[in-house]
Amino acid sequence: MAEIHPFYEQHRDAMEAAMRHRLDFVEAMLRERPEVTDIDGIRREVMDEFAIVLTQMPYVGGATSRMSDVFVRLTGFMATSRVLRRHGVPLPDIREIERESYKAQLLAVPEAKRFAAGDKFMSPENQAVLREQAATSTTEHHQAAYPDDFVYDFVEPGPNDEFEFGINYHACGFCKFAGRHGDKDILPSICGLDFDAYAALGIHLERTQTLAGGASHCNFRFSRSQRDG
């Protein structure tokens with residue numbers, strides 16, 4: 001039986017708790033689905049599938065890599081999508097279920113805490129970290145050590161640009177994961193989560209293309225959202 005990398009094993013309890021929390025939000029939507037007749041069975045099946053996903057998650061540097069957190073937060077959606085797909089839920093509906101449940105989970109966090117995290121992400125200090133990790137991600141040494149990682153560039157705004165900074169992803173860890181495990185058709189479910197995740201932090205994300213959609217890169221552009229008060 002495949003083993004879970006020690007880094008993910010360390011975070012397993014928190015990841016499983018987040019999955020169960022998200023399933024609480026999914027449950028209300030699933031009760032309206034004609035394809036789903038056994039909610040408790042679906043919950044068990046998703047958690048069983050998540051145990052499989054944990055063994056498949058690529059190690060990309062652990063705490064030293066910002067992308068490790070992305071895998072920790074989002075790879076579990078593969079488990080839910082796989083199970084719903086097996087039960088005949090149409091892919092567009094799976095995407096909607098995933099986004100709405102994730103949004104509900106995000107908004108359960110107090111606004112002040114979310115916006116503080118957003119301010120930290122947009123801070124000059126974090127931008128410096130992003131520049132450094134982006135440069136590292138493109139090196140032959142890093143790509144040889146972590147072939148399943150993301151590869152990206154930090155984008156400085158030009159004189160006529162309205163965004164504060166951007167990231168161009170030239171290789172996507174989720175695309176690699178999906179290609180290896182037969183999940184390419186549910187990749188858009190993962191891509192769609194980005195907008196809600198950043199909006200919850202008080203950050204406006206503009207993105208017009210993705211690797212999953214066949215583009216040469218994903219073009220993330222970030223700016224602070226207008227906040228009340």
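Refer to the structure printed above.
Rules of the game
- Think of each chain on its own: its residues are numbered from 1, step by step along the sequence as written.
- Whole-chain, interface and lining totals are the exception, using all residues; otherwise, since this is a predicted model, local features are given only for residues with pLDDT of at least 70 and side-chain atom pairs are given and counted only at 80 or more.
- Here the side-chain values reflect all heavy atoms present in the structure, with hydrogen atoms and water set aside.
- Burial classification: accessible surface area is computed with a 1.4 Å probe over protein chains only, and a residue below 20% of its type maximum counts as buried, one above 50% as exposed, and the rest as partly exposed.
- Strands are runs of DSSP state E lasting at least two residues, helices are runs of H or I lasting at least four, and both sets are numbered from the N terminus onward.
- For two strands to be treated as a pair, DSSP must find at least two bridges joining them.
- By convention a nonpolar core is built from buried Ala, Val, Leu, Ile, Met, Phe, Trp, Tyr and Cys residues, the set being connected through side-chain atoms within 4.5 Å.
- To estimate how far a helix should reach, multiply one less than its number of residues by 1.5 Å.
- Note: the arc covers the axis-to-C-beta directions of the helix.
- Pairs of residues are marked as contacts when any of their non-hydrogen atoms sit within 4.5 Å.
- Structural elements are reduced to axes, namely lines fitted to C-alpha atoms, with helices fitted over the stretch in contact, and the angle between N-to-C directions of any two is expressed from 0 to 180 degrees.

**Brief notes about the pairing of strand β4 (residues 218–224)**
At step 1: Of all seven residues in β4, six are buried, a share of seventy percent or more.
At step 2: Two elements, strand β2 (residues 165–171) and β4, share five bridges in a ladder whose sense is antiparallel. Its bridge partner lying in β4, Gly166 is registered against Arg221.
At step 3: By the bridge criterion, four bridges tie strand β3 (residues 203–206) to β4 in an arrangement that is antiparallel. Its bridge partner being in β4, Glu206 is matched across the sheet by Arg221.

**Concerning the nonpolar core**
At step 1: Core analysis: the biggest nonpolar cluster contains 59 residues, and Met78, Phe150, Phe174 and Phe222 have the highest contact counts within it.
At step 2: Ranked by residues supplied to this core, first place goes to helix α3 (residues 39–56) with seven residues.

**A few points about helix α6 (residues 91–107)**
At step 1: End to end, α6 covers 24 Å across 17 residues, agreeing with the expected 24 Å (1.5 Å per residue, within 8%).
At step 2: Among all positions of α6, only Ile94, Ile97, Glu98, Ser101, Tyr102, Gln105 and Leu106 are buried. The buried residues of α6 occupy an angular sector of 155 degrees when projected down its axis, which confines them to one face.
At step 3: For α6, the elements touching its buried residues are α2 (12–30), α4 (66–74), α5 (76–86), α7 (111–122), α11 (187–191) and α12 (193–200).

**Looking at the sheet that holds strand β1 (residues 151–155)**
At step 1: Taking strand neighbours across the sheet as the criterion, the four strands line up as β1-β2-β4-β3 in an open arrangement whose pairing is antiparallel. Sheet topology places β1 and β3 at the edges, where each strand pairs with a single neighbour. Sheet twist, expressed as the average angle between the axes of neighbouring strands with direction ignored, equals 25 degrees.
At step 2: Bridge analysis of β1 against β2 gives five bridges, and the strand direction is antiparallel. From the neighbouring strand, Phe154 faces β2, where its bridge partner is Ile167.
At step 3: In the packing of α12 onto the sheet, the strands contacted are β3 and β4, and the crossing angle to β3 comes to about 155 degrees.

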